[in-house]
Amino acid sequence: MAGVLIRMKLAVLRHTIAGPKATWMLTGGLVGLAIAAGTIALATADAAPGTVADLLAVTFAIWAFGWMLGPAFGGDPVLRAEQFALEPVSRTRLALGLLGAAFVGVTTAVTLVAFIALVVYAARLGTLSVIVSIPALVLQLTLVVLLSRLAARFFGALARSRTGAAVTAVITATMMVLSQSGWVVFIALDVVLQTGFSSATSVVIRALPSSWGVIAVEAAARRDWLWVVGPLLALAVLVVLLVLLWARALGPQRLARPVVRGSSAASAAKWANRGPVTAVYVKEVRTWLRDPLRVQTLVVAPAFALLTGLLPLLFDSTAFLPFVGATTALMAATTSANLYGQDGTALWLTLMTPGSELADVRGRQLAWLIWFGPLSIALTIIGTAIHGDLWPWAIAATTATLGGGAGLVVLTSIDQLVPGPDPHRNKNSPLDHGDVTGPAFVALLLVLTAATPALCVVLAGDLLNMPLLMWAGGPAGVLTGFVAYWVLGGLAAKRLADRGPELLYLMRAGKEHEAALSAETSVIKAMPRHRRGLLWTSFFIGCLATFPQGLVPLGMKLTGEIERVWFLALYLPEGLQWPVIALMLLIGLSAFALAGWVYLTESRKLKAKLERKAAERQHQDHPVAVG
């Protein structure tokens, strides 16, 4: 059974991995190998053996945690139990076969390389430890694969509910914060190598199943056979139990997609006869609570902002707290950049009522503001009160970002619409809802641009030592935000009226286009490989130069709370710090501008191509009569 499934998986991979997917897999594999090499390097660290063992235990726990979180983002595995529902195979046999097939993949190979760190560490302790490390490595690898498969079943069931969507959003936010703040690991690593973990922390870490292999290897060096056999036997028993549990879970889905009941007649009646804008507003407010995909967007923005603001507390810095509200509004605009695309083909309801486009846009803007506006303002007040300073900066950033976001979410979602499944056909993984990276990137860049004038007013007041001018940044943020809300919303309504039928066609034929033209319905996928590489490189450089190397040291210099950490400018002489910060900001904004230019240029090319294909199809459907 395992052999058949392994050959089947290899055949599927051979026929499906191509183009951008192959690029992503190769890139992910190389990054994973780099991390695996770092894990092996930990095993050779110049520190006490006990400290190295604790570090390996923590690292193996992170690998296991990553395997458990993977299904929340990677979508369904290549081979699923549902595909063999009609085969006369017992669940246990099917589970063993799928387990064998699960070992075939890039992630498993990379993890195997990382777990070789256990053997390397054992080599420092002696021959017996090396012998014990081999079965420990095999059991440990099997354990993480099984945890991943069980997590896939768990997330698959959980993601069908709004609670599951909220959990997925928190996990998404955590992964995003960890990916942008990975440098903290190196700071902590340096401290741990010098002082080691506390005894309580060490006990907790070693109690995790992912650490039992390390315990056995250490015990082999002491020839303490009870602690050699005990952890290995416990790992083996745990693996067997997980196989049985997985086999049990391979049955029919027991958690169907929950039904969200509508409002009562009395509750709905109080909103009647209040105009089309109110009708759309009420519909949108309820949709934000009832659609799991909207719930993800609703939760991921504040979760990301809070985690980003709280992380610097590890260094006793509260410099980010005043901007938690602005970050919430910024992330809300970024994750809502495909607002119309999330509704699927429901767009026809608006198109069937000519003249309702402006009301539809305004209702969506008001609903977006009512969900994220008070939340962002409250987080700004709380964060700034805790920090005790930076009130003008926080107020200007929050108000301008909220207004810019309210205008840009509707305009971007219409102009850069990404077709996706209708809400009732949404899949479980966030990655299965269409590639919205491009619109999200455009929204991020434009919202930052919209907030720039108000922040420049505050900066001018600070440089000229004019407190009144600094406080004028708040009204400036309100003014620019209102202008963005009003003007961009009106522009979005006009574009919706002009392009409505075209957008509906794109929503209906999106999957067909993907099937016929492979990867051409997404701007990112449609652009040439070198342009895609240029876009992502520019985006990465822009993030790195603007935020950690530009804005963060800028905030520290303004507040006087200097924590050099890894900020380049703060390591330079005093006279060069401001020029370097300005240079970093210039590099970052230039990189963002270059990435935005690449995306918009390719977007126009794709649009022209789709219009030509639509015209050709129309010509084929209505041929001109001859004679």
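Here the structure is a predicted model, which is why all the values come from computation and not from measurement. (Residues numbered from 1 in each chain as written. Predicted model: local features only at pLDDT ≥ 70, side-chain atom pairs only at ≥ 80, totals over all residues. Heavy atoms only, no water.)

## Here's the deal with the environment of aspartate 415
Note the threshold: Each helix is a run of H or I in the DSSP string that is no shorter than four residues. Each strand is a run of E no shorter than two, and both are numbered from the N terminus. Only protein chains enter the calculation, and the probe is 1.4 Å; a residue is then buried if its accessible area is under 20% of its type maximum, exposed if over 50%, and partly exposed in between. Pairs of residues are marked as contacts when any of their non-hydrogen atoms sit within 4.5 Å. A 3.5 Å cut-off defines polar contacts: any pair of N or O atoms within that distance qualifies, except that in protein one atom must be a possible hydrogen donor and the other a possible acceptor, and neighbouring residues in sequence count only when both atoms are side-chain atoms.
Secondary-structure assignment places aspartate 415 in helix α18 (residues 391-415). For aspartate 415, a relative accessible area of 30% translates into the label partly exposed. Setting aside residues up to four positions removed in sequence, aspartate 415 forms contacts with Arg495 and Arg499. A distance of 2.7 Å separates polar atoms of two side chains, one belonging to aspartate 415 and the other to arginine 495.

## A few points about the packing of helix α5 (residues 106-125) against helix α10 (residues 212-222)
Formally: Fitted lines through C-alpha atoms serve as axes, helices being fitted only where they are in contact, and the angles separating the N-to-C directions of these axes extend from 0 to 180 degrees. The cut-offs work like this: below 35 degrees is roughly parallel, past 145 is roughly antiparallel, 65 to 115 is roughly perpendicular, and the gaps in between are oblique. The sense of a crossing depends on the near helix, which, turned anticlockwise from the far helix by less than a right angle, makes the crossing left-handed and, turned clockwise, makes it right-handed.
Interaxial distance between α5 and α10 falls to 9 Å at its minimum, and their mutual angle equals 15°. One finds that α5 runs roughly parallel with respect to α10. Relative to α10, the crossing made by α5 is right-handed. Residues Leu118, Tyr121, Ala122 and Leu125 of α5 lie in contact with α10, whose contacting residues are Gly213, Val214, Val217, Glu218 and Ala221.

## Observations regarding unusual backbone geometry
One non-glycine residue, leucine 390, lies in positive phi territory at about 65°. Mapped onto the secondary structure, leucine 390 falls in the loop between α17 (357-387) and α18. Looking at leucine 390, the relative accessible area reads 9%, which means it is buried.

## Thoughts on the pattern of salt bridges
For clarity, the cut-off: By definition here, a salt bridge exists when the distance from a side-chain nitrogen of Lys or Arg to a carboxyl oxygen of Asp or Glu is within 4 Å.
Enumeration over the complete set of coordinates arrives at 13 salt bridges. Two residues, arginine 222 and aspartate 224, come together in a salt bridge whose shortest N-O distance is 3.8 Å. For arginine 222, a relative accessible area of 52% translates into the label exposed. Using a relative accessible area of 26% as the deciding quantity, one classes aspartate 224 as partly exposed. Lysine 494 is paired through a salt bridge with aspartate 498; the nearest N and O atoms lie 3.2 Å apart. Taken together, the residues lysine 494 and aspartate 498, both in helix α21 (residues 473-517) and four residues apart, mark about one turn of the helix. Judged by its relative accessible area of 52%, lysine 494 falls in the exposed class.

## Examining the packing of aromatic side chains
We apply this condition: A pair of aromatic rings is counted whenever rings of Phe, Tyr or Trp (Trp by its six-membered ring) have centres within 6.5 Å, and the orientation is called stacked for planes under 30 degrees apart, edge-to-face for over 60 and tilted otherwise. Two limits define a charge over a ring: the Lys NZ or Arg CZ must be within 6 Å of the ring centre, and within 35 degrees of the ring normal.
Scanning all chains against the criterion turns up four aromatic pairs. Note on tryptophan 288 and phenylalanine 372: the rings are 5.6 Å apart at their centroids and 85° apart in plane angle, and the pair reads as edge-to-face. Of this pair, tryptophan 288 sits in helix α13 (residues 276-290) while phenylalanine 372 sits in helix α17; the two residues are 84 residues apart in sequence, bridging distant segments of the chain. In terms of burial, tryptophan 288 and phenylalanine 372 fall into one category: buried. Judged by centre distance (5.4 Å) and plane angle (45°), the rings of tryptophan 368 and phenylalanine 372 are tilted. Taken together, the positions of tryptophan 368 and phenylalanine 372, both in helix α17 and four residues apart, correspond to about one turn of that helix. A residue is classified by how much of its surface remains accessible, and tryptophan 368, at 0% relative accessible area, is buried. The ring of tryptophan 486 has arginine 362 sitting right over it, with the charged end atom 4.3 Å from the ring centre.

## Side note on the confidence of the model for the protein chain
What counts here: For every residue, the predictor assigns a confidence score, pLDDT, that lies between 0 and 100.
When pLDDT is averaged along the protein chain, the result is 79, and 82% of the positions lie at 70 or above. Taking the mean pLDDT of every element in the protein chain, the minimum, 63, falls on helix α8 (residues 183-195) and the maximum, 91, on α17. Contacts of residues 514-520 to residues separated by more than four positions or lying in other chains number nine contacts, the stretch itself having pLDDT below 50.

## Focus: the packing of α10 against helix α11 (residues 225-249)
Rules: Gly counts as polar in this scheme, as do all residues outside two lists: the nonpolar Ala, Val, Leu, Ile, Met, Phe, Trp, Tyr, Cys and Pro, and the charged Asp, Glu, Lys and Arg.
Following both chains from N to C, one finds α10 and α11 inclined at 155°, their axes separated by 7 Å at the closest point. By the angle between their directions, the pair α10 and α11 is classed as roughly antiparallel. Crossing hand, α10 versus α11: left-handed. Here Trp212, Gly213, Ile215, Ala216, Ala219, Ala220 and Arg222 of α10 lie close against α11, whose contacting residues are Trp227, Val228, Pro231, Leu232, Ala234, Leu235 and Leu238. The residue inventory of the contact of α10 with α11, partitioned by class, reads 12 nonpolar, one polar and one charged.

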